[in-house]
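A structural walkthrough
Residues per chain, in single letters:
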Amino acid sequence: IGWKPPAPTLWHRLFGSKDIASVRYRCLLPIAELQKRGFPVELYRHSNRDQYKAVLFSKTYGPKDQDLALSLRRRGRGVLLDLCDNHFYNPKDVPLYRRLRRDLLKMIALTDQITCSTPDLARVVAAEAGLKKEPQTVADPVDPSLRAVLPGEPAGRPRLLWFGAHGVSNAPGGMEDLLRIAQPLERLRRRWDFELI
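Residues numbered from 1 in each chain as written. Predicted model: local features only at pLDDT ≥ 70, side-chain atom pairs only at ≥ 80, totals over all residues. Heavy atoms only, no water.

1. Description of the nonpolar core
Going by this rule: Here, nonpolar core means buried Ala, Val, Leu, Ile, Met, Phe, Trp, Tyr and Cys residues that are tied together by side-chain atoms lying within 4.5 Å of each other. Partly exposed describes any residue whose relative accessible area lies between the buried limit of under 20% and the exposed limit of over 50%, with all areas from a 1.4 Å probe on protein chains only and scaled to the type maximum. Residue contacts are defined here by distance: any two heavy atoms, one from each residue, within 4.5 Å place the two residues in contact.
Within the largest apolar cluster, 24 residues are counted, with the highest numbers of intra-cluster contacts made by Phe57, Leu81, Leu83, Leu104, Ile108, Cys116 and Val125. Those residues within four positions of Val125 in sequence are excluded, and the remaining contacts are Leu83, Phe88, Ile108, Cys116, Leu131 and Pro135. Trp3, Cys27, Ile31 and Val41 belong to the second largest nonpolar core, which has five residues in total.

Structural data, given as structure tokens:
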């Protein structure tokens, strides 16, 4: 199986794909673990495309990906799609996200199996794409590199780690999400004294 993350961007070239959370959590960590267990998976290489039984597209579904997916299907190969962001959500009606929606729907029509990072996202994808069955949920793995960032927990006081973007262009989100859940977090902290970082 070839695991295909989004095409490299300027950010990837400057900082490396491992620094993009979705590439690290949804591609690199699963590939490493599956390879350790003996499964024949690798980061997608175009030169190996004819050897793959299936290609897993991870949050990548533009016209070139659709062409590849169609080619794979015609040759009886599997097409899998993994999603960890809701690219259907576009309350500001940003043209880029209108195009992403169209591309995503086309790609969904070409896939054999869809996985989503959360049950909520799976419900959204099923509703937006008119699927009869919700995609399977596959949560993010635990990132072993966090041990270096969080070297030890104060005795008896757990840490709750939030990570994400400060904000996004198409909708309210990012750090604003913490404000939306401030009251539940405060109630939880009264029962369980944790540190939010």
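So much for the structure itself; the text now carries on.
2. What to know about the sheet that holds strand 5 (residues 113-116)
Which entries qualify depends on this criterion: Two strands make a pair as long as DSSP finds a minimum of two bridges between them. Starting at the N terminus, helices and strands are each numbered in turn, a helix being any DSSP run of H or I of at least four residues and a strand any DSSP run of E of at least two. Between the N-to-C directions of two axes lies an angle of 0 to 180 degrees, each axis being a line fitted to C-alpha atoms and, for a helix, fitted only over the stretch in contact.
One open sheet accounts for six strands, arranged 2-1-3-4-5-6; its pairing is parallel. Whereas interior strands pair on both sides, the edge strands pair on one side only; in this sheet they are strand 2 (42-43) and strand 6 (136-137). On the sheet, helix 2 (residues 21-36) packs against strand 1 (2-4), strand 2, strand 3 (54-58), strand 4 (78-83) and strand 5 and is oriented at approximately 165° with respect to strand 1.

3. Focus: the pattern of salt bridges
What counts is decided by this rule: A pair is scored as a salt bridge if a Lys or Arg side-chain nitrogen falls within 4 Å of a carboxyl oxygen belonging to Asp or Glu.
Following the criterion strictly, the structure yields 16 salt bridges and no others. A salt bridge links Arg26 to Asp140; its shortest N-O distance comes to 2.8 Å. Of this pair, Arg26 sits in helix 2 while Asp140 sits in the loop between strand 6 and helix 6 (146-149); the two residues are 114 residues apart in sequence, bridging distant segments of the chain. In this structure, the salt-bridge partner of Arg75 is Asp50, at a minimum N-O distance of 2.8 Å. Of this pair, Arg75 sits in the loop between helix 3 (63-74) and strand 4 while Asp50 sits in the loop between strand 2 and strand 3; the two residues are 25 residues apart in sequence, bridging distant segments of the chain. Judged by its relative accessible area of 32%, Arg75 is partly exposed. Look at Asp50 and you get partly exposed, because its relative accessible area is 48%. Linked through salt bridges whose partners overlap, the residues forming this network are Arg26, Asp82 and Asp140.

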